[in-house]
Amino acid sequence: MDSGKAVHRRKPDIPVIRPRASDENQQVSAKRLELSMVIRLLEDPLTADLKERHLFVLKKLLKRNQIGFLLKELKGIAKILNICAEKVKDHPEYVPILCEALNICSLPFLKEKASDELTYAQDVIEFLSHMGCLMRVSDAEVRQQIVASVKSFYSCVAPKQLLDGLQPASPGYRLQLLERSDLPQTLLLSMAALENQPAIRLQLLQTLQILSSSSDLNCVLILNARGAEMICLHMNEPDPSGQVLFRSSEILWNLLERGNKEEVTAQLSSMECVLSLKEAFFTSLGCSDHQLTNELLVIVALIAENPNSLLIESSFAKDLVVLATFPECKTVNPLVHNLNFNFSTEDLKMKKLLLNLLVLLSGDFAALQLFEEERVIPALLTLMKPPTASSERQSGSGRWSSAQQEELQLQALTILATIAPLMLEEYVSCQGIACLLLLLDWCIRKDALFGHSSHGTGGRGSKTAQMFHCIRVLRSVTSSCVDSVNQDLCDQGVINQLLGILMQMEVSPDEEDVITLEIKLDIQLVLSLLCESDMHRKELFGSEGVEMVLHFLRKGSDRFYSGLGHNKLILSTVDCVWSCIVGCYTTEDFFLAKEGVSVLLDLLSSSPGCVHCNILATLLELCDNPNALPHVVSWRDGRGQTAPGLLLQLWREEEEELQVSRNQHGGIADPQRPLLSLHQQHDTKLSFPADVPSQAVLELSENLRAKIYSILCKIGFYDLPGLSAKHYVTLSIVRRYLDFKVGEVWEEISRELSLDGVRPISPDEEALSTICKITEDTARRVAAEQNSILEQREKEELGEEELMYAEMKSHWRQQELMAKSWDSYVSRTSNYEILKEVKAQRESTRPKPKREGTAVHPTEHFIGQVIAAESTDAQGSAGLKLMLTRAPIKTAGQDAVGATTQDPEYFSTVSVKD
């Protein structure tokens with residue numbers, strides 16, 4: 001009663017006059033003091049047993065906070081709730097207090113100042129964590145209220161009418177702090193205590209579903225508490241509503257999508273979880289709608305990707321394989337007797353998911369034995385067979401539709417591409433090769449009634465997708481390099497069949513796309529695999545194959561960077577030349593007769609650098625045929641460049657990329673390192689183990705220089721056409737490439753011995769020193785030879801320059817003479833007096849007749865240039881056409897008559913034409 005009187009003496013509500021700031025502070029302090037007094041009342045040993053007083057004070061406190069808890073009071077409220085939760089064990093009267101407080105928690109928290117959200121953020125996090133800990137209270141009403149309050153955080157609860165000076169916290173404030181609290185983990189762990197409360201367990205699963213679907217951080221918190229494992233282990237508990245399994249699968253899906261997928265699959269890979277999933281799968285399998293079954297199959301597929309999963313050990317994989325082969329293979333297994341299979345869309349999805357599991361399980365050898373026992377290969381071959389006309393006309397609910405059948409056919413082909421190489425004996429024994437070639441033949445035929453599936457690109461009647469997957473299966477089978485299988489393929493005429501398909505696709509008017517290019521690429525790779533090591537198959541490749549290869553080589557590299565796959569097609573075509581043509585003289589000669597070498601050199605000159613290695617390797621192999629060398633030497637590109645010039649240009653470009661030390665003219669700049677690249681120079685202080693190839697040896701296969709050297713060795717280093725001085729400078733290095741490489745290897749040996757602290761015996765040390773010195777002397781001689789080449793070229797250029805200047809000087813002198821002659825002609829024709837003077841001068845200079853007995857001098861001739869003229873009908877200077885002629889000019893007194901009787905107007909006939 002004393003406490004009641006004390007409460008009645010208080011006058012907390014004076015709403016008429018708003019208090020001043022100082023009064024308001026005093027009121028806040030009073031409230032805070034009152035909250036601390038409530039806590040003291042509950043904890044003080046002297047008042048700990050005053051239950052009625054406790055309940056009265058708590059009801060009064062909750063009534064005062066019925067519009068929501070203040071942020072600054074949450075710390076005290078959390079302490080009060082924890083005390084009440086402890087008292088509930090012995091005094092159930094505290095249950096309504098807890099439920100009412102938890103109900104208020106569903107309302108937004110209140111703040112007095114905008115800074116309260118930041119100031120009391122840690123208090124809110126701790127309050128939410130304490131709120132989850134209240135799930136330890138065994139009372140169902142309290143647990144249900146906790147779950148309902150947490151669920152209300154994600155719904156828009158309108159705040160009640162607020163007092164002056166109070167505002168609700170920001171809408172997302174509580175959700176952000178919830179992600180930093182332990183509430184999701186605590187709710188998850190409380191599932192173990194709800195076995196006898198299925199209704200609350202279902203509500204808790206719904207709340208966990210909301211938490212996991214709304215935030216990635218919540219998923220991380222749940223996974224940290226091994227949430228995926230716990231959800232999986234409790235998903236098969238008795239459930240009258242039938243919703244627990246559905247909610248559990250949704251939570252697992254959210255954890256996979258928003259959490260760490262590897263962590264989820266690791267938690268679900270234990271034997272207990274696999275068995276739980278198995279039970280859930282077969283429970284859902286009995287339902288008419290297989291949507292839940294498909295969701296569980298996706299989860300199982302993700303587990304199958306984990307190499308540590310126990311699907312096979314739990315016998316779950318065996319049951320799944322049995323279902324995957326149904327109804328193609330008849331079985332007496334009781335699993336399929338009661339299977340509700342009506343060929344619906346969901347059934348199609350389930351069938352495809354089961355087939356996809358075969359690929360995921362194929363990485364385990366034990367699974368392959370399981371596949372053989374359950375006849376997986378025959379089932380896949382049945383699915384991949386082309387549909388017959390009678391089966392296409394049939395319809396009804398007892399079989400797959402044509403569109404569904406096409407999707408399963410394509411997926412069966414995809415699976416065979418993975419499984420067939422792993423089970424070749426089983427595949428061959430089931431006549432898999434014959435089935436594949438029959439399907440390939442069916443793909444070529446036109447069929448307007450096929451092409452319903454979305455996989456069949458090209459519209460109705462198109463079988464592009466089937467051909468693509470069929471060729472891909474053929475590629476995977478031949479890649480296994482089992483000679484008996486490849487021989488079986490060749491005996492059935494696959495080489496000619498593939499060549500025919502390839503050329504038929506080339507003449508097709510359809511535009512090339514990614515799928516078409518992939519088919520062409522795979523066909524060429526299959527041909528290369530079949531013909532690479534067998535001479536008879538190269539002969540079968542024959543002239544038709546050569547024509548195919550040349551057709552693709554002539555396309556060039558214009559579309560190399562188109563992004564559709566032309567780059568891979570060029571590489572596969574070059575590989576086809578190397579594998580199917582090189583080595584068989586009959587096919588090689590036909591290739592040479594069709595200018596194959598010229599086509600390869602054309603491609604080499606126009607293609608990017610990433611293709612040069614393959615083309616040069618193929619050319620090098622072709623040069624073993626003596627008939628190929630004349631084709632190489634006689635080749636010219638559009639600019640007149642020869643094959644040796646192209647090879648030397650590629651050498652220079654390669655050394656620029658390797659950053660080999662060269663001077664401005666491409667000559668040797670460092671005689672001690674004539675071939676060393678910048679990368680090799682950085683590794684000069686490193687010592688490698690004995691089983692690791694050295695950099696000097698690895699360099700032979702990593703760049704083009706060794707191949708270019710080998711080709712030039714076959715062509716020869718002398719009398720090469722179309723080379724300039726720059727080419728000869730490079731050629732001098734190429735000619736000594738082998739000597740430099742041998743010296744580089746010895747120098748590397750000497751350096752590594754020094755780095756390892758090994759001193760050779762004196763004769764060996766002297767030999768190493770001599771070899772290194774010989775290599776350096778050779779480099780210096782080559783450098784001197786290069787300087788001589790450059791000096792000779794410089795002299796030739798200087799002589800050419802002087803000759804050019806002499807020609808220019810003669811040209812200008814002749815122009816001056818022409819100008820003077822023209823001026824003289826104009827003056828004579830325009831002024832009669834001048835004409836008479838010229839005539840008089842000529843008469844006076846005319847020599848007199850020779851006297852008898854005068855000594856006759858020998859005839860002397862001089863070569864001079866004479867201007868000849870031709871007159872046209874045009875007027876003015878346009879009617880004059882000048883021509884320079886070269887005629888002998890005789891000395892004075894020589895043929896005087898001819899000289900003096902020449903027409904004085906000879907130059908008057910000279911004309912200039914614009």
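Values in this document were obtained by computation on a predicted structure and should not be read as measured data.

What counts as what
- Residues numbered from 1 in each chain as written.
- Predicted model: local features only at pLDDT ≥ 70, side-chain atom pairs only at ≥ 80, totals over all residues.
- Heavy atoms only, no water.
- Helix = DSSP H or I, 4+ residues; strand = E, 2+ residues; numbered from the N terminus.
- Polar contact = N/O pair within 3.5 Å; in protein donor to acceptor, adjacent residues only side chain to side chain.
- Axes fitted to C-alpha atoms, helices over the stretch in contact; angles between N-to-C directions.
- Parallel < 35°, antiparallel > 145°, perpendicular 65-115°, else oblique.
- Left-handed = near helix turned anticlockwise from the far one by under 90°.
- Contact = heavy atoms within 4.5 Å.
- Nonpolar A, V, L, I, M, F, W, Y, C, P; charged D, E, K, R; others polar.
- Core = buried A, V, L, I, M, F, W, Y, C linked by side-chain atoms within 4.5 Å.
- Buried < 20%, exposed > 50% of the residue type's maximum accessible area, 1.4 Å probe, protein only.
- pLDDT = per-residue confidence, 0-100.
- Salt bridge = Lys/Arg side-chain N within 4 Å of Asp/Glu carboxyl O.

Engineer: So what's going on with the side chain of Asn625? Which residues, and what values?
Structural biologist: Topologically, Asn625 is positioned in the loop between helix H34 (609-622) and helix H35 (628-633). There is a polar contact of 3.3 Å between the side chain of Asn625 and the side chain of Asp589.

Engineer: Any details on the packing of helix H18 (residues 316-324) against helix H19 (residues 345-361)? Residues and values, ideally.
Structural biologist: H19 packs onto H18 with a crossing angle of 130° between their chain directions and a minimal axis gap of 9 Å. In this view, H18 runs oblique relative to H19, as classed from their interaxial angle. Considering how the two elements wind past one another, H18 and H19 form a crossing that is left-handed. For the pair formed by H18 and H19, the contact residues are Ala317, Leu320, Val321, Leu323 and Ala324 on the first element and Lys351, Leu354, Leu355, Leu357, Leu358 and Leu361 on the second. Classifying every residue of the contact of H18 with H19 by side-chain character gives 10 nonpolar, no polar and one charged.

Engineer: Give me the lowdown on the nonpolar core, citing residues and values where you can.
Structural biologist: Of all hydrophobic cores here, the largest spans 140 residues; its most connected members are Phe371, Tyr427, Leu527, Phe541 and Phe591. With eight residues, helix H25 (residues 432-444) is the largest single contributor of residues to this core. Val57, Val88, Phe109 and Leu205 belong to the second largest nonpolar core, which has 86 residues in total.

Engineer: Account for the packing of helix H36 (residues 643-658) against helix H40 (residues 725-735), with residues named and values stated.
Structural biologist: At their nearest, the axes of H36 and H40 sit 10 Å apart, and the two run at 75° to each other. In this view, H36 runs roughly perpendicular relative to H40, as classed from their interaxial angle. The segment H36 lies against H40, with Gly645, Leu648, Trp651 and Arg652 engaging Lys726, His727, Thr730, Leu731, Ile733 and Val734. A class-by-class count of the residues in the contact of H36 with H40 yields five nonpolar, three polar and two charged.

Engineer: Explain the confidence of the model for the protein chain to me, using residue names and the numbers behind them.
Structural biologist: Scored by pLDDT, the protein chain comes out at a mean of 83, with 84% of its residues at no less than 70. For residues 392-396, every residue scores under 50 in pLDDT, and the model assigns this stretch five contacts once sequence neighbours within four places are set aside. pLDDT under 50 marks residues 452-460. Its contacts with residues more than four places away, or in other chains, come to 21 contacts.

Engineer: Talk me through the pattern of salt bridges; I want residue IDs and the actual numbers.
Structural biologist: If the charged atoms of two oppositely charged side chains come close together, the side chains can form a pair. Applying the stated rule across the entire model yields 41 salt bridges. With its nearest N and O atoms 2.8 Å apart, the salt bridge here joins Arg662 to Glu655. The buried category is assigned to Arg662, whose relative accessible area is 18%. Overall, the relative accessible area of 5% leaves Glu655 in the buried class. Arg780 is the partner of Glu776 in a salt bridge, and the nearest nitrogen-oxygen pair spans 2.6 Å. Here Glu776 and its partner Arg780 are both found in helix H42 (residues 762-830), four residues apart, which amounts to about one turn of the helix. For Arg780, a relative accessible area of 44% translates into the label partly exposed. Within the structure, one salt-bridge network assembled from shared partners comprises Arg472, Arg475, Glu518, Asp522 and Lys568.

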